[in-house]
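Here are the chains, one letter per residue:
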There are 2 protein chains.
Amino acid sequence: MNIGLDMMGGDLAPLEAVIGIHDYFSSASTPAHLFLIGNTEKINPLLSEYNLPADNFTLIHAPQVIDMHEHPTKALKEKRESSIAVGFHLLATGKIDAFISAGNTGAMLVGSLYSLKPVEGVLRPTISTIIPKENGKTGLLLDVGLNSDCKPEHLNQFATMGTVYAQQILGIEQPRVALLNIGEEEGKGNLLAQATYPLLKENKHIHFVGNVEGRDVFLDKADIMVCDGFTGNIILKMAESFHSITQQKNIQHEYFDRFNFENYGGTPVLGVAKPVIIGHGISKALAFKNMILLAEKMIQTGIMDKLKTEVAAD
Amino acid sequence: MNIGLDMMGGDLAPLEAVIGIHDYFSSASTPAHLFLIGNTEKINPLLSEYNLPADNFTLIHAPQVIDMHEHPTKALKEKRESSIAVGFHLLATGKIDAFISAGNTGAMLVGSLYSLKPVEGVLRPTISTIIPKENGKTGLLLDVGLNSDCKPEHLNQFATMGTVYAQQILGIEQPRVALLNIGEEEGKGNLLAQATYPLLKENKHIHFVGNVEGRDVFLDKADIMVCDGFTGNIILKMAESFHSITQQKNIQHEYFDRFNFENYGGTPVLGVAKPVIIGHGISKALAFKNMILLAEKMIQTGIMDKLKTEVAAD
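Residues numbered from 1 in each chain as written. Chains lettered and ligands numbered in written order. Predicted model: local features only at pLDDT ≥ 70, side-chain atom pairs only at ≥ 80, totals over all residues. Heavy atoms only, no water.

An unreviewed UniProt entry lists chain A under the name Phosphate acyltransferase, with Flavisolibacter tropicus given as the organism. What UniProt records for chain A under Subcellular location (unreviewed entry) is the sentence "Cytoplasm". (UniProt positions renumbered as here; feature names shortened; annotations may be inferred.)

What follows is the structure, given as structure tokens:
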């Protein structure tokens, strides 16, 4: 199993990436082989300092970096020697089985959509976020920004893909799927929600529990909530802002700590042929370690094949 | 100036309504004349108990009540003697100049749209909510649920109406208007946001400051944020849920107290010919008092005429 890691991606790279890898190697009994992609001049001293086991990784020199604020498509086209471009090349050519980066999110998305094929049958790949529920559990919200305009069929597939992810990766046997809406009963909502509800009701690959409203987002009424990427992105960013606001106001509570998204370790792009994991820009060592573990799990469970089977049978 | 008040609307009516009226009469130097609409058997003992000045109000008997969970259109049609139906009749026939209720929100919206005409030129009346900013200020978000599917022209008018409201009622001289979006630059967002941006930029009746994202909702980047009613309703209900969640977890902070929407005193329906104010279901005395003061201000400032002028000139 070969996992590629962008060593230059994120505000705290490469140092926190190296510490995360160190922690991963220290805790894994049979660790995956890692391809560390980035500027070797900057990485090498850290690899020595943290004494990473040389047999367990391959260093791939990529002299360029796509910055956080660069235009994704343009940067990917022009910076062929960037860590992200090199990573996608390795992934597309089968040298690595998964690719992880906490770098430019747009470039990671563009790379996922254009270097990789979608899983057969998938209309629109999607990205999700973890939602911390007030009772201690976590839920999944998708789409959170990859698809700002959606059709009912897209939301229906997000529900199927979210279900496979929750089963395979989060270990929820029969995840409850809800439609994010502005009313409880069937027939409520905007045109998209009204047209999506019957599809979800008929979808035999999911356990549909009906509509949830904005006030239910942090309650444990569903394990998976589906919505268009515009709504989902606004919810995600509002949720992230609670963490900053409570920190800034010095409001201490365990619940708000769970809004610290950098701890969750990144979100996979669901529906593309191979595992791609996008980390938060301020990912720390724990996030990097968690992303490697997530990539490992996605490869081991063969989640891409399961997605294909479930989506094809829709 | 005659203001109608539904005495049966809300979980804590009529008691809290009576206390709110009492407080209003006690504090106003030249109070408006109030039309108190509801079941006189239930109201009369409270009016005596709180010793309301008889010259300052007219009691209107309305034996029926529309419950919180009744179907709005059906209930309004069948319960012609309900306090809400009677209130809208008084408003439409000019007996009162404004109508306030903390009762069935749907019935209040249906009544506003069908008993009253829209202000000339208004494509879609709208409802807004106050957003507590983390720096102590407040902002306005609209639409929050009256229009779940919107066109760019609608959002553009919400911006104009929100601006008039912020100027006339909230006392903000040059309110900053932002488009709620999922990216900062022009051209970002879903199709609606992409098409709305140029309209807002050209709108000479507003001070447009560009896009804001989900993470900016509680920051003081704009005084007015416009979005479709689906997105706005989800944000409103999420914000309301913070208050319940923090209360339930016993997290005390002044900032979270400001998420207690029952204190704000209700939201006006903007764009209909006369002032209609819809209160929160659990409105207390302060909310009722604030709603009377808001109705008074809306009548005094002639906000409906100003809305008409601004919208017509768009």
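Here the narrative resumes.
Draft legend 1. Main features of the interface of chain A and chain B. Contacts between the two partners involve 35 residues from chain A and, on the opposite side, 35 residues from chain B. Each partner contributes to the roughly 3,200 Å² buried at the junction of chain A and chain B, and carbon and sulfur atoms together form 71% of this total. A per-residue breakdown of the area chain A buries against chain B is headed by Ile182, Phe230 and Met238 of chain A, which together make up 21% of the total. At the surface where chain A touches chain B, the tally comes to four salt bridges. Note that Glu213 of chain B is salt-bridged to Lys237 of chain A, the shortest N-O span being 2.5 Å. (Contact = heavy atoms within 4.5 Å. Buried area = accessible area lost by both parts, 1.4 Å probe. Salt bridge = Lys/Arg side-chain N within 4 Å of Asp/Glu carboxyl O.)

Draft legend 2. A look at the side chain of Ser82 of chain B. All names here are of chain B. Of note, Ser82 is situated in the loop between α3 (72-78) and α4 (83-92). With relative accessibility at 0%, the residue Ser82 sits in the buried group. Within the structure, the side chain of Ser82 is placed 2.8 Å from the backbone oxygen of Lys79, a separation counted as a polar contact. Ignoring any residue separated from it by four or fewer positions in sequence, one finds Ser82 in contact with Ala62, Gln64, Val65 and Ile66. (Helix = DSSP H or I, 4+ residues; strand = E, 2+ residues; numbered from the N terminus. Buried < 20%, exposed > 50% of the residue type's maximum accessible area, 1.4 Å probe, protein only. Polar contact = N/O pair within 3.5 Å; in protein donor to acceptor, adjacent residues only side chain to side chain.)

Draft legend 3. Molecular detail of helix α2 (residues 40-49) of chain B. Residues and elements named next belong to chain B. When we look at burial in α2, the residues that qualify are Thr40, Ile43, Leu46 and Leu47. All buried residues of α2 fall inside an arc of 135° around its axis, so they share one side. Every exposed residue of α2 that faces more than 90 degrees away from the buried side is listed here: Glu41, Lys42, Ser48 and Glu49. Residues of α2 that are buried in the fold lie against α1 (15-27), β2 (33-38) and β3 (57-61). Its side-chain oxygen placed 3.1 Å from the backbone nitrogen of Glu41, Asn39 serves as the N-cap of α2. Backbone geometry just downstream of α2 places Asn51 in the positive-phi region, at approximately 55°. (Arc of directions from axis to C-beta.)

Draft legend 4. Seen up close, the sheet that holds strand β5 (residues 126-132) of chain B. Residues and elements named next belong to chain B. Spatially, β3-β2-β1-β4-β11-β10-β5-β6-β9-β7-β8 is the arrangement adopted by the eleven strands of the open sheet, whose pairing is mixed. Looking along the sheet, the strands with just one partner apiece sit at the ends: β3 and β8 (207-212). Each neighbouring strand pair of the sheet contributes to a mean axis angle of 25°, computed without reference to strand direction. Helix α6 (residues 152-168) rests against β5, β6 (138-142), β7 (176-180), β9 (224-226) and β10 (267-270) of the sheet, and its axis sits at about 160° to β9. (Pairing = 2+ DSSP bridges. Axes fitted to C-alpha atoms, helices over the stretch in contact; angles between N-to-C directions.)

Draft legend 5. Local environment of the pattern of salt bridges. Residues and elements named next belong to chain A. Scanning the model with the defined rule gives 26 salt bridges over all chains in all. Notably, a salt bridge pairs Glu184 with Arg215, separated by 3.6 Å at the nearest N-O pair. Of this pair, Glu184 sits in the loop between β7 (176-180) and α7 (191-202) while Arg215 sits in the loop between β8 (207-212) and β9 (224-226), and the two are 31 residues apart along the sequence. Under the relative-accessibility criterion, Glu184 is labelled partly exposed at 44%. Here the salt bridges share partners, and the residues they tie into one network are Lys137, Arg176, Asp220 and Asp223.

Draft legend 6. Main features of the relation of the copies chain A and chain B. Mapping chain A onto chain B is achieved by rotating through 180° and translating by 0.0 Å along the same axis, at an RMSD of 0.0 Å. Here the two chains are linked by the operation of a two-fold rotation axis. Measuring from the rotation axis to each C-alpha of chain A, the shortest distance belongs to Thr231 of chain A, at 3.0 Å. Taken together, the interface assignments show that 100% of the residues at the interface of chain A recur at the interface of chain B, consistent with an identical surface on both copies. (Least-squares fit on C-alpha atoms with pLDDT ≥ 70 in both.)

Draft legend 7. Representation of the environment of Asp97 of chain B. Residue and element names in this part refer to chain B. Its location among the elements puts Asp97 in the loop between α4 and β4 (98-101). A residue is classified by how much of its surface remains accessible, and Asp97, at 29% relative accessible area, is partly exposed. Asp97 sits 16 residues away from Leu113 along the chain, and the two C-alpha atoms are 16 Å apart. If sequence neighbours within four positions are ignored, Asp97 has contacts with Met1, Asn2, Leu91, Lys274, Pro275 and Ile299.

Draft legend 8. Summary view of the domain arrangement of chain A. Residues and elements named next belong to chain A. According to the domain assignment, chain A consists of domain 1 (1-122 + 271-301) and domain 2 (124-261). Measuring from the centre of the C-alpha atoms in domain 1 to the corresponding centre in domain 2 gives 27 Å. Residue-level contacts link twelve residues of domain 1 with eleven residues of domain 2. Taken together, the two surfaces of domain 1 and domain 2 that pack against each other cover about 980 Å², and 71% of this comes from carbon and sulfur. Together, Leu109, Val122 and His280 form the three largest contributors to the area buried by domain 1 at its contact with domain 2, with a combined 39%. Summed over the shared surface of domain 1 and domain 2, the number is zero salt bridges. At the boundary of domain 1 with domain 2, the tally comes to three residue pairs in polar contact (both at pLDDT 80 or more). Elements represented by at least two residues in the side of domain 1 that touches domain 2 include exactly α5 (105-115) and α10 (285-301). In terms of residue class, the side of domain 1 that touches domain 2 is made up of seven nonpolar, four polar and one charged. (Domains from an automatic or database assignment. Nonpolar A, V, L, I, M, F, W, Y, C, P; charged D, E, K, R; others polar.)

Draft legend 9. Layout of the pairing of strand β10 (residues 267-270) of chain A. All names here are of chain A. Note: strand β5 (residues 126-132) against β10, two bridges, orientation antiparallel. The residue of β10 that forms the bridge with Ile127 is Val269. Linking two consecutive strands that pair antiparallel, namely β10 and strand β11 (residues 276-278), is a turn of five residues; a positive phi of about 105° is found at Gly271 within it.

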